[in-house]
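Observations on the model geometry
The residues making up each chain are set out below.
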Amino acid sequence: MKIAVAYENGGIFQHFGRTEQFKLYTVQDGRVTEARVLGTNGQGHGALAGLLQTWGVDTLICGGIGGGAQAALAAAGIRLYGGVDGSADAAVQALLDGTLQFDPAVHCDHHGDHHGEGHACGHQGGAACGHQGGCGH
């Protein structure tokens, strides 16, 4: 299993389409055997699904994510765990333990809006951004 996490400064980056780095975890026998950070080389949004596919990723953990990126990930056969925040390492361990809290309905219906100071994109339920179903970029 190869897990990618939208990554920034040890945590889960909250805008999938603008992530500049992913932390990739190789998992064997239920434990992480390798972890490394890779840059996106300026690629964004829809191109990221293809990039993850070339890296052999089968699972993605991220904060917010839009519908187009979700469709591209599904077409690439990559399982999505969206609406997650906090430590990247802790999220991967929670996934392996079967305790990861994620939002299966994460979606953004206000794509293109710019997030103001203190906006927490991708949080469960959308309470942080005031949009039903979460922000989800």
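To start, this report covers the structure provided alongside it. Everything numeric here is computed off the predicted structure, so don't read it as measured data.

**As for the pairing of strand 3 (residues 21–28)**
Burial of strand 3 is extensive: six of the eight residues sit out of reach of the surface. Two elements, strand 3 and strand 4 (residues 31–39), share eight bridges in a ladder whose sense is antiparallel. Residue pairing for strand 4: Leu24 is matched across the bridge by Arg36. Taking the residues that link successive antiparallel strands as the turn, the strand 3-strand 4 hairpin has two residues, and the phi of Asp29 there is positive, at about 55°.

**A closer look at the environment of Val92**
Tracing the chain through its elements places Val92 in helix 3 (residues 88–97). Among the residues examined, Val92 registers a relative accessible area of 1% and is labelled buried. Sequence-wise, Val92 and Leu60 are 32 residues apart; in three dimensions their C-alpha atoms are separated by 9.7 Å. In contact with Val92, other than residues within four places in its own chain, are Ile3, Val5, Tyr25, Val32 and Ile61.

**What to know about unusual backbone geometry**
A positive phi angle, close to 50°, is found at Asn9, a residue other than glycine. Its location among the elements puts Asn9 in the loop between strand 1 (2–8) and strand 2 (11–12). The exposed category is assigned to Asn9, whose relative accessible area is 76%. One non-glycine residue, Asp29, lies in the positive phi region at around 55°. When its relative accessible area of 80% is taken as the criterion, Asp29 is described as exposed.

What counts, and where the lines are drawn
Residues numbered from 1 in each chain as written. Predicted model: local features only at pLDDT ≥ 70, side-chain atom pairs only at ≥ 80, totals over all residues. Heavy atoms only, no water. Buried < 20%, exposed > 50% of the residue type's maximum accessible area, 1.4 Å probe, protein only. Helix = DSSP H or I, 4+ residues; strand = E, 2+ residues; numbered from the N terminus. Pairing = 2+ DSSP bridges. Contact = heavy atoms within 4.5 Å.

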